[in-house]
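# Reading the structure
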Amino acid sequence: ARREDVGVESGTGTGKTYLAAGIALWFLASFEDALVISTAPVEKQLKAQLWKEIGQHWPRFKARYPMARTVELRVRLREGAGEQERWAILGYGCGVDAGVESATRAQGFHAAHMLIITEETPGIDDAVMTALANTCTGDHNLRLALGNPDHQLDALHRFCVRPGVVHVRISALDHPNVVTGRNVIPGAVGRK
């Protein structure tokens, strides 16, 4: 909301993906012709995680925005010829072998209001992260990088410590299920 890039390093099962899905839909609804790009190393991960959570939010979003349509890894607020990549959320797997093809797929997205969400960011190749950074040319082009950090040299941690990036760390030890010892949020991290 403050127009800043944000990097989130957290423990597994803390709710970051659920929140990212809400942010994707909020961004889409807040800015006409907004473009939200979501990516992860493997498309299967993206479907099983971020897009599953978008599906959890979908009934409430659809009730507020009845013109919204969704197909596999796509949400559109405007239909019609030439409207396929405008006012939309697009998802794609960026590949674990990166190289030229994956980095090329990460380029070419442009919109006045654009948000790029990278899930499982530690597994995204540097060439892809660079391509995504280079496509953020507008004044309101933002990035949200999420994941469980592997080490200080992984793509997520290096993104988080860049100048101008808001670095958020979420410890599993602070999660309500762990703090209370009860299953407050089913499926999230627990004491065990």
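Up top is the structure these notes are about.
Residues numbered from 1 in each chain as written. Predicted model: local features only at pLDDT ≥ 70, side-chain atom pairs only at ≥ 80, totals over all residues. Heavy atoms only, no water.

### A look at helix α5 (residues 126–135)
Convention followed: Residue exposure (1.4 Å probe, protein chains only): buried if accessible area is under 20% of the type maximum, exposed if over 50%, otherwise partly exposed. By definition, any uninterrupted DSSP run of H or I lasting at least four residues is a helix, any uninterrupted run of E lasting at least two residues is a strand, and each is numbered from the N terminus. Nitrogen and oxygen atoms within 3.5 Å of one another constitute a polar contact, given that in protein one can donate a hydrogen and the other can accept it, and given that sequence-neighbouring residues count only through two side-chain atoms.
Turning to α5, its buried residues number three or more, namely V128, M129, A131, L132, A133 and T135. For α5, the N-terminal capping position is held by D125, with its side-chain oxygen 2.8 Å away from the main-chain nitrogen of A127.

### Quick word on the layout of surface pockets
So the rule is basically this: Here a cavity means grid points, on a 1 Å grid over the protein atoms only, where a 1.4 Å probe fits yet cannot get out; a pocket means an open set of points with protein on both sides within 12 Å along at least five of seven lines; lining residues are those with an atom within 4 Å of a point. Grid points are joined across faces, edges and corners, and a volume is the space filled by probe spheres set on the points. Amino acid classes used here: Ala, Val, Leu, Ile, Met, Phe, Trp, Tyr, Cys and Pro are nonpolar; Asp, Glu, Lys and Arg are charged; the rest, including Gly, are polar.
Approximately 510 Å³ is the volume attributed to the largest pocket. As for the largest pocket, its lining consists of 22 residues, of which G13, G15, T17, Y18 and E53 are closest to the centre. Those elements that provide at least two residues to the lining of the largest pocket are α1 (16–30) and α3 (50–64). Sort the elements by how many residues they give to the lining of the largest pocket and α1 lands first, with four residues. Class assignment of the residues belonging to the lining of the largest pocket gives a composition of six nonpolar, 11 polar and five charged. Counted as a void, the second largest pocket has a volume near 400 Å³.

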